[in-house]
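# A structural walkthrough
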Amino acid sequence: MDLDAIIDKLATVKVLVVGDVMLDHYIWGDATRISPEAPVPVVNVFNDSWSAGGAANVAMNLTSLKASASLAGVYAEDEAGDQLRTIFTQAGVDFSSMHLTASAPTIRKTRVVVQKQQICRIDRESAPAEYAFPGGEKLKQAFSGAHAVILSDYAKGVVTDELLDEVVAICKDSGAALSVDPKPRRRLNYQGAALMTPNRSEALELAEISVGLHDTFPTEAVCQAIYERYQPHRLVVTLGADGMILVEEGKILGRLPTRAQEVFDVSGAGDTVIAVLTASLATGASLVEAAHLANSAAGVVVGKFGAATVSPDELRTAAKLDQGIPLLTV
Ligand SMILES: Nc1ncnc2c1ncn2[C@@H]1O[C@H](COP(=O)(O)OP(=O)(O)OP(=O)(O)O)[C@@H](O)[C@H]1O
Ligand SMILES: [Mg+2]
């Protein structure tokens, strides 16, 4: 299929995102002096901004590409929860399946940024047990009509073994394809996933292989170990600036490199990758086609500050620039 046609078809896809929803709060300021009270900079704030983070950023990536996205996660009736609702309403993210908790705050990460440099992060959240998502009917309802489901686990409590089992079972019944961005330290059973998208260190951890930070990535051994353990239909290992390795039914198809470009902020690139891969595969695209689009989309977001999203036009332009990128043998 032609990549432009896939981008057009994204508008017909409906994806449910299950996972840890959070609010990203940015405090933008200047710092020209050190505090007389303690050896810390004094920040003069000139602006605050808010965006949807974690699993919510995956949903934002989907709607920005015109796919339908709904969210199953947990938040609270507080100021951060209100801000999330405003953001979701503006972006057209369906949050009717979100669970409201009365015992914990909406997870919020506040970053203080001075001259594009993050100088500290302030986290507000309770223990993971407070953010469990109710399974049963509530989860089944959340699935209504979804072609695919993305599990976006930030280890904040929504995704448990029990919830994962239920999600896998409902996917089996409904025919929805399950994509997982795994958190290996959680030791969850990811069997049943149609797609897994670990990054370099997550893939090594899933495979239980350890190498130094600067050693070459043991592609063959890692992909084989992950396939033996979890049998994902498709596996995409993201390697930051080195692009991504594509695996289908345990067979390595190759590595898709990135286009050299100016990188501003890599946070959120993984969210973009899983969103674009999942939605593209749901249109009937092949893994190689979907990966070309995901790579181009991630290339756009790393050029923006904060967890960012891509529009269909931006993706079309980037995909055109990336047209000649070959799938390399590994
Ligand atoms: N320096 C870079 N230059 C170009 N593209 C990049 C760069 N870093 C990341 N990307 C793109 O983003 C994709 C995902 O990056 P990475 O492997 O860092 O994911 P991640 O660690 O899951 O990110 P996240 O911080 O969102 O969790 C890469 O496969 C690539 O397409
Ligand atoms: Mg990631």
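Our subject is the structure that appears above.
Let me begin by describing the structure that accompanies this report. Source: prediction; values computed, not measured. (Residues numbered from 1 in each chain as written. Chains lettered and ligands numbered in written order. Predicted model: local features only at pLDDT ≥ 70, side-chain atom pairs only at ≥ 80, totals over all residues.)

On to the site of ligand 1, then. Neighbouring residues of ligand 1: 21 residues in total, closest Asn199, Thr238, Ala269, Gly270 and Ala298. Put simply, the parts of the chain that give the shell around ligand 1 at least two residues each are α8 (269–282) and α9 (287–301). Sorting elements by how many residues they give to the shell around ligand 1 places α8 first, with four residues. Of the residues that constitute the shell around ligand 1, the class distribution is nine nonpolar, 11 polar and one charged. (Near = placed C-beta within 6 Å. Helix = DSSP H or I, 4+ residues; strand = E, 2+ residues; numbered from the N terminus. Nonpolar A, V, L, I, M, F, W, Y, C, P; charged D, E, K, R; others polar.)

Once that is clear, we can look at the pairing of strand β14 (residues 251–256). Pairing between strand β13 (residues 244–248) and β14: five bridges, direction antiparallel. Along β14, the bridge assignment pairs Val247 with Ile252. Between the end of β13 and the start of β14, which pair antiparallel, lie two residues, with Glu249 showing a positive phi angle near 45°. (Pairing = 2+ DSSP bridges.)

Two quantities define a packed helix pair, namely the angle between the axes and the distance from one axis to the other. One way to put it is that helix α6 (residues 200–207) packs onto helix α7 (residues 219–230) with a least axis distance of 8 Å and a crossing angle of 60°. Taken as axis vectors, α6 and α7 run oblique relative to one another. When you trace α6 past α7, the crossing you get is left-handed. Counting all contacts with α6, which are made through Ala203, Leu204, Leu206 and Ala207, the residues of α7 involved are Ala221, Val222, Ala225 and Ile226. Residue composition of the contact of α6 with α7, grouped by class: eight nonpolar, no polar and no charged. (Axes fitted to C-alpha atoms, helices over the stretch in contact; angles between N-to-C directions. Parallel < 35°, antiparallel > 145°, perpendicular 65-115°, else oblique. Left-handed = near helix turned anticlockwise from the far one by under 90°. Contact = placed C-beta atoms within 7 Å.)

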